[in-house]
Amino acid sequence: MHYYWPILASKLLILTTAILAQQYVFAQGRCVIVDKETGTPIRDVKAYTDKEEEFTTDYRGVLVIDKPFDSATLAHPKFLSRKVDKTELKDTVWLLPKAIRLDEVVVWGVKRSPMDAMMGSIQAQLAAEAAMHPPVVGFDFFQMFRKKPLNKKARKKNEKLLKEWDEVYGKK
């Protein structure tokens, strides 16, 4: 029985080492950082962990954080920064480009600017001149595109078609 003790101790040491290594591996984060708009991987994204470590993506956008951490901040000059937890760094992380972000939106009230008053007076003058000088030929180009009422034959054809559809697809 004494010769089993060294074997048991070595197995216990190997098991303890495997458990510690597994915990160390689970502390890592590996993912691909991708542009949300185009789906292409992003190189040179800096990842700053909460343990004050810095990591960078390679040319394929792969980020490997091989030190224990809880959260990381992803930063790139052309993309919005994003703070992620360790659980989010499993497969793919999307970053939004800064180009599609609106910085400031201004909404004007009733009295927007003097330019509106000037445009209104110009439109009034043009309308007055058009009323004083009617056109010689009365042709409305857009009249061709206005919807005309259906005649009796076309209405009956449409009603028949709708009845057939009700029979085929069922009336709800």
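Our subject is the structure that appears above.
Quick caveat, the model's predicted, so the values are computed rather than measured.

Caption draft 1: Main features of the nonpolar core. With 16 residues, the main nonpolar core has Ile33, Leu63, Ile65, Leu74, Leu89, Val93 and Leu95 as its most contacted residues. The set of elements that each furnish at least two residues to this core consists of strand E1 (29-35), strand E4 (62-65), strand E5 (71-76), strand E6 (79-85) and strand E7 (92-95). Apart from residues no more than four positions distant in its own chain, Val93 is found in contact with Cys31, Val32, Ile33, Val34, Leu74, Arg82, Val84 and Glu88.

Caption draft 2: Molecular detail of the pairing of E5. Bridging between strand E2 (residues 46-49) and E5 involves four bridges; their strand directions are antiparallel. Paired with Tyr48 across the two strands is Thr73, which belongs to E5. As paired elements, E5 and E6 share five bridges and run antiparallel to each other. Within the sheet, the bridge partner assigned to His76 lies in E6 and is Phe79.

Caption draft 3: How the structure looks around the packing of aromatic side chains. Scanning the entire structure with this criterion turns up zero aromatic pairs. Above the face of the Trp94 ring, Lys36 is positioned so that its terminal group lies 5.4 Å from the ring centre.

What counts and what doesn't
Residues numbered from 1 in each chain as written. Predicted model: local features only at pLDDT ≥ 70, side-chain atom pairs only at ≥ 80, totals over all residues. Heavy atoms only, no water. Core = buried A, V, L, I, M, F, W, Y, C linked by side-chain atoms within 4.5 Å. Buried < 20%, exposed > 50% of the residue type's maximum accessible area, 1.4 Å probe, protein only. Helix = DSSP H or I, 4+ residues; strand = E, 2+ residues; numbered from the N terminus. Contact = heavy atoms within 4.5 Å. Pairing = 2+ DSSP bridges. Phe/Tyr/Trp six-rings, centres within 6.5 Å; stacked < 30°, edge-to-face > 60°. Lys NZ or Arg CZ within 6 Å of the ring centre and 35° of its normal.

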